[in-house]
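# What the coordinates show
Listed below, chain by chain, are the residues.
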Amino acid sequence: MYTNIPIWQGTQAVKEYLQTKHQHINADLITQALTIVMRNNIFQFGDTHWYQTKGTAMGAAMAPPYASIFAAANEESKIVPDKHPRLLFL
């Protein structure tokens, strides 16, 4: 899943999450830093180096929470509204 998250959509999801759930954190600063990390990912595969232009790096420390926030935003905006309003997740 990590490598399939569009950079712009992922960073926007994180920004909206911070603005709604953690107002005490500077969401713009975090979003700018996240964009720098996402757009400058260079990794080594075997004896070659690669520049990743899409998605999230699997080994990046920020990848799991980034992917979770993106997935939650996606579920809340696209999946849950189509279901019954009393939908309960267990």
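Residues numbered from 1 in each chain as written. Predicted model: local features only at pLDDT ≥ 70, side-chain atom pairs only at ≥ 80, totals over all residues. Heavy atoms only, no water.

## Examining helix H1 (residues 7-21)
- In this model, H1 (15 residues) spans 21 Å end to end at C-alpha, consistent with the 21 Å of a helix rising 1.5 Å per residue.
- By the burial criterion, the buried members of H1 are Ile7, Gly10, Thr11, Ala13, Val14 and Leu18. Take H1 and look down its axis: the buried residues cluster within an arc of 155 degrees, on one side only. Away from its buried face by more than 90 degrees, H1 exposes Trp8 and Thr20.
- Here the buried face of H1 lies against helix H2 (27-39) and helix H3 (63-79). (Helix = DSSP H or I, 4+ residues; strand = E, 2+ residues; numbered from the N terminus. Expected span 1.5 Å × (residues − 1). Buried < 20%, exposed > 50% of the residue type's maximum accessible area, 1.4 Å probe, protein only. Arc of directions from axis to C-beta. Contact = heavy atoms within 4.5 Å.)

## Thoughts on the pairing of strand S1 (residues 41-45)
- Judged from the five bridges that link them, S1 and strand S2 (residues 48-52) form a sheet pairing that is antiparallel. Note that in S2 the partner of Ile42 across the bridge is Tyr51. (Pairing = 2+ DSSP bridges.)

## Topic: the packing of H1 against H3
- Running from amino to carboxyl end, H1 crosses H3 at an angle of 85 degrees, the nearest separation of the two axes being 9 Å. For the element pair H1 / H3, the angle class is roughly perpendicular. On H3, the residues that touch Ile7, Gln9, Gly10, Thr11, Ala13, Val14 and Tyr17 of H1 are Tyr66, Ile69, Phe70 and Ala73. (Axes fitted to C-alpha atoms, helices over the stretch in contact; angles between N-to-C directions. Parallel < 35°, antiparallel > 145°, perpendicular 65-115°, else oblique.)

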